[in-house]
Structures are given as structure tokens and as C-alpha cells.
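The residues making up each chain are set out below.
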Amino acid sequence: MVYFIGAGPGDVDLITVKGRRMLQEADVVIYAGSLVWDAHLQFCKEGCEKHNSASMTLEEVINVMVKAENEGKLVVRLHTGDPSIYGAIREQMDCLDEHKIEYTVIPGVSSFVASCAAIKKEFTLPNVSQTVIITRMEGRTPVPEKEDLELLASHKCSMAIFLSVQDIDKVVEKLKKGYGREDVPVAVVYKATWPEQQILKGRLNNIAAKVKEAGIKNFSQILVGDFIEGDYERSLLYHPEFTHGFREGSK
Ligand SMILES: C[S@@+](CC[C@H](N)C(=O)[O-])C[C@H]1O[C@@H](n2cnc3c(N)ncnc32)[C@H](O)[C@@H]1O
């Protein structure tokens, strides 16, 4: 059996209880060493075989899994954040299907929610935005045309942009056109929950300069939208006049 586990954004205590338990029981661990904090490995049992997938191909990863499975070993594939987001797990699962190897996915805390927690905000505010767009700029990996950042930003909702801080000028340019304003609040969170975490706050018209001045080139979330600054309406759910299935309101 192979367990795909979300390690969380950094802080080793942000893995799920179930994920930690499987990590402790694993005979073989394949971890995404470029993003997963290796402090997670201190929880592995003695003799656990560890592979850093940063320098491996998909084929090499699958070979390790197949060999371990044939030896009746328990394999953990440790991904950063939540494995379903830019985790490249689908291709691994398809290979395991071909080999008739069973697997389970244990979700994790994605870096976009960890970054929102770091800035102590809420993506979804009444009368501001009820939608979060998770996306990235095209890089060496293309992005479908209809998901272009400018087009997505035209919805003017909350956004979490992965894998793009190295192109901050281009990101800002597209967002300005999409939102149709230059004063939209932005927070760039570098290495959320790691000891070296940095938070840069600004607006579309000044965030690029701040990012460059801080020398940030990777490992960041770009959070964008009026959920970061500004007014909002209080929720109906906790309003004294509002009646719902669990509470009678005063009106
Ligand atoms: C390959 S993606 C993996 C995303 C991951 N599956 C998740 O759910 O967070 C890597 C990108 O996620 C973002 N990222 C991952 N960990 C982060 C962290 N601790 N703080 C800020 N951004 C992070 C960065 O944009 C980074 O370039």
C-alpha cells in the first residue's frame, strides 16, 4: 500500500494526525525534498528507507514504490501542502493503477490557507468575495488560455497565486488589467509557517518593488483581493435576527 500524504506548508506540526501516524509506520518514505521540511523525517522509525524525490524522475519514484510493494512494505509519498494542488500525484496514481498497487491519499494543509492564516484574514467575506481562485502564472508549465491571470482577475474575487513570485512584474501587470484598479491589496507570504517566514503587504501599485527589495524569488503565495483590507458586512449566520436550523433569530 502507498500513502500519498500532505505534509502541510512547513511547520512539522501542521501535518494531520493520520499523516504523522503513517509516517511513523512507514518502511519507505519518498519525500519532495525541495519543499517538504526534512524535519518531518525525524518521526520515521529506525531503518526506514528515505528517498528525496527532488532528484528523481517519475519512473524512478514508481520503481521504488513497486519494489517496496513487492517486498510487502508500507510506502509513504510525502508531498508539500496538500497533494491535490500542483502535487503531480495523478501521474503517480495512474502508474500505480497499471501496476495494480493500492493507494490512499491523506490530505494536508495547503500553503494558500496557511498563508491566509499567517496574515490573519478570511478569503470569503460577505459583500466582498465569496470565491477563492487558486491559480498560477504560466511558466515552463503552460496554463490554458481561458485561465489567463488577467481573465481570472476580472472576476474581482479573492485569489491565491502559486508558483509565480519570480514573475511578479508580469503578475501585477495582468492583475491590474483584470481587476481594473491599481490599489487592490496584496500580501506576499514567503515560506509560510517556516522559521524564515516573511510577509510583505502592499497594493498592486507597490508590491513588486517590495518583493524585489526583499530578494524574494520563490516559495511564496501571492494573495490578492479586498479581503485583505477594507470594509465587509457581518455574517448572517451569527446575526441575532437571523433564524437557521440551529437557532431562532429575533425577527
Ligand atoms: C509545487 S507547488 C506545491 C503546492 C502544495 N501542494 C500546496 O498545497 O501548498 C509549490 C508552490 O506552492 C507554494 N508554497 C508551498 N509551500 C509554501 C509555503 N510554506 N509558503 C508559501 N508558499 C508556499 C509556492 O508558490 C510554491 O512555489
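It should be emphasised that the depicted structure is a prediction, and the values quoted were computed from it without experimental measurement. (Residues numbered from 1 in each chain as written. Predicted model: local features only at pLDDT ≥ 70, side-chain atom pairs only at ≥ 80, totals over all residues. Heavy atoms only, no water.)

(A) Quick peek at the UniProt feature "domain: Tetrapyrrole methylase" (unreviewed entry) in the chain. According to UniProt, the "domain: Tetrapyrrole methylase" (unreviewed entry) feature falls on residues 1-207. Regarding residues 1-207, the helix share stands at 28% and the strand share at 21%, and the terminal C-alpha atoms are separated by 46 Å. (UniProt positions renumbered as here; feature names shortened; annotations may be inferred. Helix = DSSP H or I, 4+ residues; strand = E, 2+ residues; numbered from the N terminus.)

(B) Representation of the site of the ligand within the structure. Around the ligand sit 18 residues in total, of which Ile85, Ser110, Ser111, Ala192 and Ser220 are the nearest. Between the ligand and the protein, one listed contact pairs a nitrogen atom with a backbone N or O atom of Ile85 at 2.7 Å. With respect to the ligand, the side chain of Ser110 contributes an N or O atom lying 2.7 Å from an oxygen atom. Its free accessible area being 570 Å², the ligand has 93% of it covered by the protein chains. The site holding the ligand turns out to be the largest pocket. Of the residues belonging to the shell around the ligand, the class tally is ten nonpolar, six polar and two charged. Split by domain, the residues of the shell around the ligand number at least three in each of domain 1 (2-106) and domain 2 (111-224). (Near = heavy atom within 4 Å. Polar contact = N/O pair within 3.5 Å; in protein donor to acceptor, adjacent residues only side chain to side chain. Areas by Shrake-Rupley, 256 points an atom, 1.4 Å probe, with all protein chains shown as cover. 1 Å grid on protein atoms, 1.4 Å probe; cavity = no way out; pocket = protein on both sides within 12 Å on 5 of 7 lines; lining within 4 Å. Sits in = over half its atoms within 2 Å of the grid points. Nonpolar A, V, L, I, M, F, W, Y, C, P; charged D, E, K, R; others polar. Domains from an automatic or database assignment.)

(C) Representation of the packing of aromatic side chains in the model. Counting across every chain of the model gives seven aromatic pairs. Ring centres 5.0 Å apart and planes at 50° place the aromatic pair Phe123 and Phe227 in the tilted group. Placement of the pair is Phe123 in the loop between α4 (111-118) and β6 (132-136) and Phe227 in the segment after β10 (220-224), with a sequence separation of 104 residues. Accessibility classification places Phe123 together with Phe227 in one group, the buried group. An aromatic cluster is present here, built from Tyr86, Phe112, Phe123, Phe162 and Phe227 joined pairwise through their rings. (Phe/Tyr/Trp six-rings, centres within 6.5 Å; stacked < 30°, edge-to-face > 60°. Buried < 20%, exposed > 50% of the residue type's maximum accessible area, 1.4 Å probe, protein only.)

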